[in-house]
Amino acid sequence: MDTCCKPIEFVVTSDPKNLESVCARIRDFAEKAGADQKLLRHIELAVDEICSNVICHAYNGQRDQTYKVCAKVEEQKLVVDVIDHGISFSPSCIKKPKLEGCPTTRGIGGLGIHFVKKIADEIEYGKLPSGENRFRIYKQCSAS
Amino acid sequence: MDVKFEEFDKGQVIYLSGRLDMAGAEEVESSMGQLRAAPLEGKVIIVSFADVHYISSSGLRTIVAAFNHIHDQNGKMVLCQMDIGVHEVFEFAGLTEVFTITETVEEAKGIDT
């Protein structure tokens with residue numbers, strides 16, 4: 001992984017239509033940092049899911065709020081933060097979704113966080129000194 | 001997100017096109033009124049992902065909701081033409097074991113109701 005990638009950060013309005021551009025920017029960053037196609041897919045999905053959760057849960061679906069997305073490379077790991085000022089939650093308290101059986105018998109909640117936990121090497125969630133919530137994921141680049 | 005419906009003798013093919021994230025899922029949901037209004041008993045509803053190169057959990061929820069509706073109406077749903085990325089997300093959700101998934105629309109049309 002290219003450790004010379006300059007960190008990026010940008011602020012986004014909480015409209016779901018902006019998720020595509022958020023993902024494009026993170027993909028672009030990860031690609032410049034040397035991520036392979038699989039890692040690009042996974043990082044995009046993880047970041048999309050975190051941002052979608054911010055829109056739905058931190059901001060209760062409101063489309064006029066903002067959140068910040070930051071990405072950097074640190075010790076050969078991709079580090080991505082999504083920072084919001086909405087309602088907090090705890091990823092560890094989200095029940096694992098049912099992944100077996102007919103879809104008619106499954107609930108629909110929890111899949112997004114399940115994907116993030118499956119993809120990320122580590123996740124951190126907590127309050128910043130500013131009072132904002134930060135969801136951070138770490139992902140090691142695959143050896144090429 | 002574009003949604004096109006095409007009838008065939010046993011049912012309908014739904015061609016999805018675009019990005020099936022939260023925004024795309026909302027657009028697909030609003031197009032699904034056509035499916036909800038149709039009689040589905042004994043029908044096969046095929047969903048083509050040929051032009052879908054990204055899906056998130058929001059998109060999966062829309063597909064699962066459609067499946068549940070079709071199932072409740074005694075119809076059958078078949079998914080087809082998934083690329084590696086889309087298939088992987090269905091795998092992450094444990095859905096490749098329960099959905100009928102084919103490579104092509106023609107194979108899907110050959111599935112018994």
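Reference entry: report on the structure contained in this document.

Thresholds applied
- Residues numbered from 1 in each chain as written.
- Chains lettered and ligands numbered in written order.
- Predicted model: local features only at pLDDT ≥ 70, side-chain atom pairs only at ≥ 80, totals over all residues.
- Heavy atoms only, no water.
- Pairing = 2+ DSSP bridges.
- Helix = DSSP H or I, 4+ residues; strand = E, 2+ residues; numbered from the N terminus.
- Axes fitted to C-alpha atoms, helices over the stretch in contact; angles between N-to-C directions.
- Contact = heavy atoms within 4.5 Å.
- Phe/Tyr/Trp six-rings, centres within 6.5 Å; stacked < 30°, edge-to-face > 60°.
- Buried < 20%, exposed > 50% of the residue type's maximum accessible area, 1.4 Å probe, protein only.
- Lys NZ or Arg CZ within 6 Å of the ring centre and 35° of its normal.
- Salt bridge = Lys/Arg side-chain N within 4 Å of Asp/Glu carboxyl O.
- Left-handed = near helix turned anticlockwise from the far one by under 90°.
- Nonpolar A, V, L, I, M, F, W, Y, C, P; charged D, E, K, R; others polar.

It is worth spelling out the sheet that holds strand 2 (residues 66-74) of chain A at this point. All names here are of chain A. The sheet built from five strands is open, its strands ordered 1-2-3-5-4 with antiparallel pairing. Only two strands of the sheet have a single partner each, and these edge strands are strand 1 (8-13) and strand 4 (122-127). Going from strand to strand, the sheet's axes swing by 15° on average, the running direction of each strand aside. Looking at chain direction, strand 1 and strand 2 are connected through six bridges and run antiparallel. Counted as the bridge partner of V11 is K68 from strand 2. Strand contacts of helix 1 (residues 19-32): strand 1, strand 2 and strand 3 (77-84), with the helix running at about 10° to strand 2, the strand carrying the most contacts. Relative to strand 5 (residues 133-140), helix 2 (residues 37-58) is tilted by about 170°, and along the sheet it contacts strand 2, strand 3 and strand 5.

For the structure shown, the criterion picks out five aromatic pairs over all chains. Ring centres of F49 of chain B and F90 of chain B lie 5.7 Å apart, and the angle between their planes is 80°; on these two criteria the pair is classed as edge-to-face. You can see F49 of chain B sitting in strand 3 (residues 44-55) and its partner F90 of chain B sitting in helix 4 (residues 84-92), a full 41 residues away along the chain. There is no split in this pair, since F49 of chain B and F90 of chain B are both buried. Ring-pair connections join several aromatic residues into one group, and the members of that group are F49, F67, F90 and F99 of chain B. Above the plane of the ring of F10 of chain A lies R25 of chain A, whose end atom (NZ or CZ) is 4.1 Å from the centre. The ring of Y54 of chain B carries the charged tip of R19 of chain B above its face, separated from the ring centre by 3.9 Å.

With that settled, consider the environment of T13 of chain A. Take T13 of chain A: it is sitting in strand 1. Excluding residues within four positions of it along the chain, T13 of chain A makes contact with N18, R63, D64, Q65, T66 and Y67 of chain A.

The next point concerns the pattern of salt bridges. Summed over the entire model, instances satisfying the criterion amount to 14 salt bridges over all chains. For R41 of chain A, the salt bridge identified is with E88 of chain B, shortest N-O distance 3.2 Å. Taken together, the residues R41 of chain A in helix 2 and E88 of chain B in helix 4 connect one chain to another. Linking K77 of chain A and E122 of chain A is a salt bridge whose minimum nitrogen-to-oxygen distance equals 3.2 Å. Placement of K77 of chain A in strand 3 and of E122 of chain A in strand 4 is noted, with a sequence separation of 45 residues between them. According to the relative accessible area criterion, E122 of chain A is partly exposed, its value standing at 36%. Each of the salt bridges in this network shares a partner with another, and the network as a whole consists of R27, E44 and D48 of chain A together with R19 and D21 of chain B.

Attention now moves to the sheet that holds strand 4 (residues 76-80) of chain B. Residue and element names in this part refer to chain B. Taken together, the five strands give an open sheet; going across it, the order is 1-2-3-4-5, and neighbouring strands pair in mixed fashion. The open sheet is flanked by strand 1 (2-8) and strand 5 (100-102), the only strands paired with a single partner. Each adjacent strand pair in this sheet contributes to an overall mean axis angle of 25°, direction not counted. Examined bridge by bridge, strand 3 and strand 4 share five bridges and lie parallel to one another. Within strand 4, the residue paired with I45 across the bridge is M77. Set on the sheet, helix 1 (residues 22-31) makes contact with strand 1 and strand 2 (11-20); between it and strand 2 the angle comes to about 155°.

All names here are of chain A. In contact at an axis separation of 9 Å, helix 2 and helix 3 (residues 111-119) are set at 145° when each is read in the N-to-C sense. Of the two possible hands of crossing, helix 2 and helix 3 adopt the one that is left-handed. Of the residues in helix 3, those in contact with H42, L45, A46, E49, I50 and N53 of helix 2 are G112, I113, F115, V116 and I119. Grouping the amino acids of the contact of helix 2 with helix 3 by side-chain chemistry returns seven nonpolar, three polar and one charged.

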